[in-house]
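Next come the chains, spelled out residue by residue.
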Amino acid sequence: MIALIGAGVGFLGGLFGKGGSAVATPLLAAAGLPAFVAVASPLPATIPGTLVAYRQYRRVGLNDTEVTRWSIAFGVPATVAGALASPWVGGPALVIATDLVVAAIGLRILTRRDRPETVRDVGRRRWRLAVVAVVVGFVAGLLANAGGFLLVPLYLAVLRLPIKTALAASLAVASVLAVPGTIVHAALGHIDWAVTAVFAAASIPLSAVGARTALRMRPERLERVYGVGLLLLGSVLLLVH
């Protein structure tokens with residue numbers, strides 16, 4: 001079951017520009033893993049998975065280095081803070097919070113009417129980048145994921161990036177934000193490394209397949225698929241839990 005979940009999450013992670021641990025958490029919990037194990041164990045696997053997927057975008061020139069650098073600079077300290085705060089939030093509460101956030105983001109993507117329009121003012125762009133990175137970093141640390149499920153919609157809504165550029169930047173940043181979260185959650189004893197190994201073996205190869213699939217899709221269709229997928233998954237898992 002863990003391998004099947006890993007394969008599906010790996011494909012969706014590459015397709016949607018995310019590590020996939022936010023999606024893996026409720027699925028692993030539904031499969032019977034303890035809450036904190038379900039929350040933290042997929043996180044280490046997202047590091048190679050997101051890098052493999054990001055390589056597909058970089059090969060075709062879809063990388064915004066300014067977005068990546070600023071997101072990492074502000075996001076990493078916030079991720080550490082969120083991970084350190086996670087023991088004060090119950091494991092089941094983290095699972096439910098993940099379900100809610102996934103569904104809400106899917107709905108936001110489907111209902112937004114604004115189209116990509118680059119933020120040209122450098123100061124305003126960097127200020128927005130810093131805010132996005134701090135928010136995503138803290139939530140990523142708290143929920144033990146790489147932050148990709150929040151990065152893409154915030155890049156779309158706040159920075160007005162085209163969706164494929166947002167997906168590429170999300171994968172690059174998520175691969176780095178997963179590192180401090182992994183270290184802290186490992187120190188707290190939340191990671192079952194056997195679960196991580198099985199999950200990684202199935203998810204990493206499928207991440208590249210998902211990224212190649214996204215690159216072949218038209219941006220408008222990709223955005224609709226992204227929103228519908230997150231909304232359905234979050235809603236179904238909320239009913240399960």
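Conventions adopted
Residues numbered from 1 in each chain as written. Predicted model: local features only at pLDDT ≥ 70, side-chain atom pairs only at ≥ 80, totals over all residues. Heavy atoms only, no water. Helix = DSSP H or I, 4+ residues; strand = E, 2+ residues; numbered from the N terminus. Expected span 1.5 Å × (residues − 1). Buried < 20%, exposed > 50% of the residue type's maximum accessible area, 1.4 Å probe, protein only. Core = buried A, V, L, I, M, F, W, Y, C linked by side-chain atoms within 4.5 Å. Phe/Tyr/Trp six-rings, centres within 6.5 Å; stacked < 30°, edge-to-face > 60°.

Caption draft 1: Local environment of helix α9 (residues 163-187). The terminal C-alpha atoms of α9, which comprises 25 residues, lie 36 Å apart, in line with the 36 Å expected from a rise of 1.5 Å per residue. Counting buried positions along α9 gives 20 out of 25 residues, so the element sits mostly inside the fold. Two residues or fewer past α9, Gly 189 is found with a positive phi of approximately 80°.

Caption draft 2: Representation of the nonpolar core. Formed by 33 residues in total, the largest nonpolar core has its most connected members in Tyr 57, Val 67, Tyr 155 and Leu 222. When residues of this core are traced back to their parent elements, those giving at least two are α1 (2-16), α4 (43-59), α6 (91-111), α7 (122-143), α8 (148-157), α9, α10 (193-216) and α11 (219-240). Here this core takes 9 residues from α9, the largest share from any one element. In terms of nonpolar packing, the next biggest core, distinct from the first, is built from 9 residues, Val 9, Leu 28, Ala 38 and Phe 199 among them.

Caption draft 3: How the structure looks around the packing of aromatic side chains. The final tally for this structure, using the stated rule, is 1 aromatic pair. A centroid spacing of 5.7 Å and a plane angle of 20° characterise the contact between Trp 70 and Phe 74, whose relative ring orientation is stacked. Of this pair, Trp 70 and Phe 74 both sit in helix α5 (residues 65-85), 4 residues apart, which is roughly one turn of that helix. On the basis of relative accessible area, Trp 70 is assigned to the partly exposed category, the value being 24%.

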